[in-house]
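Residue-level structure breakdown
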Amino acid sequence: MHGIGEWAVAALILIGAFFILVGSFGLAKLPDMMRRLHGPSKATTLGIGSLLIASMLNFIGVSGRISFHELLITIFLFLTAPVTAHMLAKAHILRSQKDRGSLSPTGRPAGWATLDVDK
Amino acid sequence: MAMRLFPHPLLTVWIVVVWILLVNTITFGHLVLGLVLGVLIPLTTSAYWPGRPRVRSPLMMIEFMLVVLWDIVVSNIQVASLILFRRGDSLQSRFITVPLDLNSPEAITVLAGTITMTPGTVSADISADGRALLVHCLEADGADDTVAQIKHRYERRLKRIFE
């Protein structure tokens with residue numbers, strides 16, 4: 001594997017590392033729980049995506065074999081990341097008095113599912 | 001008969017695909033093994049899956065996935081720049097309500113997941129009657145635009161896919 005392929009893999013790894021770093025930085029920097037959720041649930045998706053594409057390119061270049069493990073990782077990531085964020089948000093709404101007051105109205109007779117447990 | 005053997009035909013296909021992806025090679029043996037799993041697993045678990053979600057237009061689904069992939073790339077860059085160049089306190093974050101036109105649980109689940117993966121929004125809760133989503137915006141200068149965009153880009157397509 002020479003030239004362009006190597007550069008492409010290196011560039012993708014760098015892009016991936018950058019977005020994962022920014023996601024983690026956001027987790028540390030942003031001031032409250034709900035804002036912190038945004039960093040790791042998004043900035044890391046593109047980061048890990050780039051790393052996986054780099055891995056696939058590398059396998060094609062090095063062994064001449066197509067590797068599609070990585071697609072599976074992507075699928076599992078897309079399934080788990082939103083569910084995790086959703087559960088964290090629900091737990092936070094349940095526990096935080098302050099944020100409970102700032103929820104927007106449902107516009108429906110029923111309340112939000114996390115708080116409306118007895119109905 | 002076919003219904004009894006394959007209570008969830010889509011799940012069968014999906015298990016075969018996942019098995020092939022897991023072993024990372026396409027050989028006849030693994031195809032057969034995947035097919036055996038694809039028949040056995042839906043058979044043994046069908047008692048817990050009474051409903052059978054319908055996908056009405058697979059082509060629309062591909063279009064939806066491309067739109068979402070594109071939005072994920074855009075949203076990553078947006079959120080990264082918000083994190084890097086803005087002070088955390090200066091972000092106008094707040095909750096907004098997205099009223100739902102969708103009825104099927106599968107479609108609502110996909111919509112909630114999509115909202116979390118795309119520009120500056122995380123879905124946080126659903127109303128107790130399942131007719132509205134609570135969404136948290138990282139930077140909500142145009143909350144109405146965000147709602148309109150979610151409904152136009154994602155919900156409209158999901159409605160055509162699932163309902």
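Residues numbered from 1 in each chain as written. Chains lettered and ligands numbered in written order. Predicted model: local features only at pLDDT ≥ 70, side-chain atom pairs only at ≥ 80, totals over all residues.

At the junction of the two partners, chain B supplies 39 residues and chain A supplies 44 residues. Taken together, the elements giving at least two residues each to the side of chain B that touches chain A come down to helix 2 (9–23), helix 4 (58–85), strand 1 (94–99), helix 5 (105–117), strand 2 (121–126) and strand 3 (132–137) of chain B. With eight residues, helix 4 of chain B is the single largest residue contributor to the side of chain B that touches chain A. Across the side of chain B that touches chain A, the residue classes break down as 22 nonpolar, twelve polar and five charged. (Contact = placed C-beta atoms within 7 Å. Helix = DSSP H or I, 4+ residues; strand = E, 2+ residues; numbered from the N terminus. Nonpolar A, V, L, I, M, F, W, Y, C, P; charged D, E, K, R; others polar.)

It is the contact of helix 3 (residues 69–95) of chain A with helix 2 of chain B, at a shortest axis distance of 7 Å, that shows an interaxial angle of 125°. The orientation of helix 3 of chain A relative to helix 2 of chain B falls into the category oblique. Between helix 3 of chain A and helix 2 of chain B lies a crossing whose hand is left-handed. Where helix 3 of chain A abuts helix 2 of chain B, its residues His69, Leu71 and Leu72 of chain A lie against Val18, Leu21 and Leu22 of chain B. For the contact of helix 3 of chain A with helix 2 of chain B, the residue count by class is five nonpolar, one polar and no charged. (Axes fitted to C-alpha atoms, helices over the stretch in contact; angles between N-to-C directions. Parallel < 35°, antiparallel > 145°, perpendicular 65-115°, else oblique. Left-handed = near helix turned anticlockwise from the far one by under 90°.)

It is worth spelling out the sheet that holds strand 3 of chain B at this point. One key point about sheets: their strands pair by backbone hydrogen bonds, in either a parallel or an antiparallel sense. Residue and element names in this part refer to chain B. Here we have three strands laid out as an open sheet, ordered 1-3-2, and antiparallel in their pairing. Strand pairing shows two members of the sheet lacking a second neighbour, strand 1 and strand 2, which therefore form its edges. For this sheet the average axis-to-axis angle between neighbouring strands, irrespective of direction, equals 35°. Bridge count between strand 1 and strand 3: six bridges; the pairing is antiparallel. Paired with arginine 94 across the bridge in strand 3 is cysteine 137. Sheet strands in contact with helix 5 are strand 2 and strand 3, and its direction is about 145° off that of strand 2. (Pairing = 2+ DSSP bridges.)

We now examine the nonpolar core. Nonpolar side chains in soluble globular proteins generally cluster together in the buried interior. Residue and element names in this part refer to chain B. Ranked by size, the top nonpolar core spans 41 residues in total, and within it Leu111, Leu133, Val135 and Leu158 carry the most contacts. For this core, the element with the highest residue contribution is helix 5, accounting for six residues. Apart from the residues within four sequence positions on either side, leucine 158 is in contact with Leu102, Ala107, Val110 and Leu111. (Core = buried A, V, L, I, M, F, W, Y, C linked by C-beta atoms within 7 Å. Buried ≥ 20, exposed ≤ 12 C-beta atoms within 10 Å, placed from the backbone.)

With that settled, the discussion passes to the pairing of strand 2 of chain B. All names here are of chain B. Within strand 2, six of the six residues are buried, which leaves it mostly tucked inside the rest of the structure. Here five bridges tie strand 2 to strand 3, and the two strands are oriented antiparallel to one another. Across the sheet, valine 122 pairs through a bridge with histidine 136, a residue of strand 3. Following strand 2, the chain reverses through five residues before pairing antiparallel with strand 3; glycine 130 in that reversal takes a positive phi of roughly 70°.

All names here are of chain B. Residues of chain B with pLDDT of at least 70 account for 94%, and the chain-wide mean is 82. Looking across chain B, the model is least confident in helix 1 (residues 2–5), with a mean pLDDT of 66, and most confident in helix 3 (residues 28–45), with 87. Here the predicted complex carries an ipTM of 0.80, next to a pTM of 0.82. (pLDDT = per-residue confidence, 0-100.)

In this section: helix 6 (residues 143–162) of chain B. Residue and element names in this part refer to chain B. An ideal rise of 1.5 Å per residue puts 28 Å on 20 residues; helix 6 measures up with 27 Å between its terminal C-alpha atoms. The largest bend along helix 6 reaches roughly 35° and is located at glutamate 155. Every buried residue of helix 6 is accounted for by Thr146, Ile150, Tyr154, Glu155, Arg157, Leu158, Ile161 and Phe162. Residues of helix 6 that are buried in the fold lie against helix 4, strand 1, helix 5, strand 2 and strand 3. (Expected span 1.5 Å × (residues − 1). Bend = angle between axes of the 7 residues up to and from the residue.)

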